[in-house]
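# Structural description and commentary
Listed below are the residues making up each chain.
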Amino acid sequence: MTVLVLVETEAGQIRQASRSAITAATKLGDVHALVVGNAADAEAAATLAAKVPGVAKVLKAGADVLAHELAEPVADLIVSLAGDYSHIVAASTAVGKNVLPRAAALLDVQPIPDVMAIVDADTFVRPIYAGNALATVKSSDAKKVLTIRATNFDPAPAEGGSASVDAVNVTVQDTVSRFVSEHTPTSDRPELESARVIVSGGRGLGSAENFQSVLTPLADKLGAAIGASRVAVDSGYAENDCQVGQTGKIVAPELYIAVGISGAIQHLAGMKDSKVIVAINKDAEAPMLQVADYALVGDLFEVVPELAKAL
Amino acid sequence: MKILVPVKRVVDYNIKVLVKSDGTGVETAGLKMSMNPFDEIAVEEAVRLREKGSATEVIAVSIGVQQAQDTLRTAMAMGADRSILVLSEESPEPLAVAKVLKAIVEKEKPDLVFLGKQAIDDDMNATGQMLAGLLGWGQGTFASKVEIVDGRAEVTREVDGGTETVSLSVPAIVTADLRLNEPRYASLPNIMKAKKKPLETIQATDLGVDMTRRLTTVSVAEPPTRKAGIKVGSVAELVEKLRNEAKVI
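Everything in this summary refers to the structure shown in the same document. (Residues numbered from 1 in each chain as written. Chains lettered and ligands numbered in written order. Predicted model: local features only at pLDDT ≥ 70, side-chain atom pairs only at ≥ 80, totals over all residues. Heavy atoms only, no water.)

Moving on, we come to the sheet that holds strand β16 (residues 255–259) of chain A. Ordered by their spatial adjacency, 6 strands build an open sheet running β15(A)-β14(A)-β16(A)-β17(A)-β18(A)-β15(B), and the pairing between neighbours is parallel. Where the open sheet ends on each side, the last strands, each with one partner, are β15 (225–228) of chain A together with β15 (230–232) of chain B. Going across the sheet, the axis of each strand differs from the next one's by a mean of 25 degrees, ignoring polarity. Bridge count for strand β14 (residues 197–201) of chain A against β15 of chain A is 4 bridges, and the pairing is parallel. The residue bridging I198 of chain A from the neighbouring strand is A225 of chain A, located in β15 of chain A. (Pairing = 2+ DSSP bridges. Helix = DSSP H or I, 4+ residues; strand = E, 2+ residues; numbered from the N terminus. Axes fitted to C-alpha atoms, helices over the stretch in contact; angles between N-to-C directions.)

A few words now on the packing of helix α4 (residues 94–106) of chain A against helix α4 (residues 127–135) of chain B. The N-to-C vectors of α4 of chain A and α4 of chain B enclose an angle of 50 degrees; their axes lie 7 Å apart at closest approach. Classified by the angle between their axes, α4 of chain A and α4 of chain B sit oblique to one another. Here α4 of chain A and α4 of chain B pass one another in a crossing that is right-handed. Contact residues: α4 of chain A offers K97, N98, P101, R102, A104, A105 and L106 of chain A, while α4 of chain B offers Q129, M130, A132, G133 and L134 of chain B. Residues of the contact of α4 of chain A with α4 of chain B, tallied by class, amount to 7 nonpolar, 3 polar and 2 charged. (Parallel < 35°, antiparallel > 145°, perpendicular 65-115°, else oblique. Left-handed = near helix turned anticlockwise from the far one by under 90°. Contact = heavy atoms within 4.5 Å. Nonpolar A, V, L, I, M, F, W, Y, C, P; charged D, E, K, R; others polar.)

As a further point, take the packing of aromatic side chains. Tallying each qualifying case throughout the model produces 0 aromatic pairs over all chains. Over the face of the ring belonging to F142 of chain B we find K117 of chain B, whose NZ or CZ atom lies 5.9 Å from the ring centre. (Phe/Tyr/Trp six-rings, centres within 6.5 Å; stacked < 30°, edge-to-face > 60°. Lys NZ or Arg CZ within 6 Å of the ring centre and 35° of its normal.)

Another aspect to go through is the interface of chain A and chain B. Between chain A and chain B, the residue contacts involve 86 residues of the former and 79 residues of the latter. Interface area for chain A against chain B, summed over the two sides, is near 6500 Å², with a carbon-plus-sulfur share of 55%. Between chain A and chain B we count 6 salt bridges in total. In this structure, the salt-bridge partner of D108 of chain A is K99 of chain B, at a minimum N-O distance of 2.8 Å. Inspection of the region where chain A meets chain B yields 44 residue pairs in polar contact (both at pLDDT 80 or more). In terms of residues, the side of chain A that touches chain B owes the most to one element, α4 of chain A, which gives 8 residues. (Buried area = accessible area lost by both parts, 1.4 Å probe. Salt bridge = Lys/Arg side-chain N within 4 Å of Asp/Glu carboxyl O. Polar contact = N/O pair within 3.5 Å; in protein donor to acceptor, adjacent residues only side chain to side chain.)

Let's shift gears to the pattern of salt bridges. In the structure shown here, the tally under the stated rule is 33 salt bridges over all chains. When the shortest N-O distance is used, the salt bridge between E200 of chain B and K107 of chain B registers 3.3 Å. One end of the pair, E200 of chain B, is in strand β13 (residues 199–203); the other, K107 of chain B, is in helix α3 (residues 94–108), and 93 residues separate them in sequence. Accessibility expressed as a relative area gives 33% for E200 of chain B, which makes it partly exposed. Each of the salt bridges in this network shares a partner with another, and the network as a whole consists of D108 and D141 of chain A together with K99 and R214 of chain B. (Buried < 20%, exposed > 50% of the residue type's maximum accessible area, 1.4 Å probe, protein only.)

Further remarks concern the nonpolar core. Grouped together as the largest cluster of nonpolar side chains are 97 residues, with contacts concentrated most on V5, L6, L34, I78 and V99 of chain A together with V86 of chain B. Element by element, the count of residues in this core is highest for α3 of chain B, at 8 residues. Setting aside residues no more than four positions away along its own chain, V5 of chain A makes contact with A21, I22, A25, V31, H32, A33, L34 and V89 of chain A. By size, the runner-up hydrophobic cluster in this structure holds 41 residues, among which are V47, A55, L87 and V155 of chain B. (Core = buried A, V, L, I, M, F, W, Y, C linked by side-chain atoms within 4.5 Å.)

Our focus in this paragraph is a nonpolar patch on the surface. All names here are of chain B. On the surface, a nonpolar cluster with roughly 280 Å² of combined accessible area is contributed by L188, I191 and M192. With respect to the helices and strands, L188 occurs in helix α5 (residues 188–194). Classification of L188 as exposed rests on a relative accessible area of 58%. (Patch = residues over 30% accessible without salt bridge, like charges linked within 9 Å, V, L, I, M, F, W, Y side chains within 5 Å. Areas by Shrake-Rupley, 256 points an atom, 1.4 Å probe, with all protein chains shown as cover.)

Residue and element names in this part refer to chain A. Locating I78 in the fold gives a position in helix α3 (residues 71–81). The exposure class of I78 is buried, given its relative accessible area of 1%. Excluding anything up to four places from it in sequence, I78 contacts L4, L6, L34, I88, V99, L100 and A103.

This part takes up empty space enclosed by the protein. Throughout the structure, instances matching the rule amount to 3 cavities of 30 Å³ or more. Computed from the structure, the largest cavity encloses a volume of approximately 60 Å³. If you go around the largest cavity, the residues you meet are K97, L100, P101, P111, I112, P113, V145, L146 and T147 of chain A together with M124 and N125 of chain B. Contributions of two or more residues to the lining of the largest cavity are made by α4, β7 (112–115) and β11 (144–148) of chain A. Counted by class, the lining of the largest cavity contains 8 nonpolar, 2 polar and 1 charged residues. One number sums up the size of the second largest cavity: a volume of about 40 Å³. (1 Å grid on protein atoms, 1.4 Å probe; cavity = no way out; pocket = protein on both sides within 12 Å on 5 of 7 lines; lining within 4 Å. Points joined across faces, edges and corners; volume = space filled by probe spheres on them.)

Taken in spatial order, the 4 strands of this open sheet run β8(A)-β9(A)-β10(A)-β14(B), and their pairing is antiparallel. At either margin of the open sheet sits one strand with a lone partner, and together these are β8 (117–120) of chain A together with β14 (215–221) of chain B. On average, adjacent strands in this sheet sit at an angle of 30 degrees to one another, irrespective of strand direction. Relative to strand β10 (residues 133–139) of chain A, strand β9 (residues 123–128) of chain A runs antiparallel, the two sharing 6 bridges. Its bridge partner being in β10 of chain A, T123 of chain A is matched across the sheet by K138 of chain A.

Next up, the structure:
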């Protein structure tokens, strides 16, 4: 069996979530990595993808129409390449979730999103009800279309492979959608999805000013990414791309420090696979304390600065 | 401009579902059912566009069992003008739903279809994208802002690094994310008025759509639970534990 993996790139680099998708795909068969982007990005990413162990072949699709990984042209491209592949795989990212269901519909396949475990070539485990239940589903489709929950598969290493690179003749057009602009707040911090440590804040912070002034010194000390609960984002304390949870980002760092986060189900669904969880909360009954390895009950405005100082 | 809004009847978001002891699914009998929260946002956005004068008619559609008409009445109480109930088994798969919606779109010829980005029961996050694919329309998924500019739909999307804005030719598909708007509560007079709004019922089989499931649920299990750890009494103790016990700092 041969598996086609959509590999996402960012500034010519392979996204870590896509490395996890490659790892998942190697459990199913030989991996062909499809890299898309404008000509320069696709070229750079194809060179990197060829070095990833487990990748048997790289398909390089460079064209302006693919520059922003919009769903319409990328899905058409995948369908045009789908041929004999047994599985088509991407990471469960904003791009993967946008592109793969569209491609699946065009292939008359029911996609299987957020795969957490691969049982066999047809059978997969995925979360339902915000992660409150895990369903094992078996597909009767001839071709399987999957998105992979990146935190459940280790990212494939960057070096060690030497795959051949084939250029794809891109003929797809996009007549219905057009990229206008993007707003990507820049930060020197690690990305949430790949950070080793995450400091995350919730309702208890009380304001955008507090969110910054309390969490930043601690995050700086730990070299941590900063996350937020949905309440904190909805209240304007933090940018939406910081949101951790079922409807935000799914993370699994080595250390997750939840500050003033009560622990709603949908937040827990996004971080409960973290290796070590610390909860700092004034409410000893908060659900977050039921999943935390270390719980410190106290006033976060005193505790967090003290912790930053002690590190 | 006509807007079609598909809505799904799901277990209310405030209820924590339990896995059936025989592992065949989750227990839904007797639970409070509501409109999928993301679909409420989609209804709200469509109604706002009509109130602003950008849209002329909002049509709600639901695919499922007879009781889904309650969900459609809610949509009409929020402001949808009329509804279509497509009767089928409970919670068909997104591929089948997308095919039913395609048939409805061909009949009603809407300019926009607004959907919730995902249903909170199966968490598939697929129907909007699949419908867009089947129709060959543009898709503005995970939308936090929708504007009609010179006859095109300008959609700001929530993506991993922040937001992205795309411009779509109309007709187009939009799927609603949480921050698109805050849905209104239906007022009592509007709930009463909704009872008199037209609700058409059709059979999925009459649309000639193959509803056969492609996925079989082998089993449903509880996720592994995380055991509560220990309470630490001070910052010093926390730092000591993180250093010497957990070894993560």
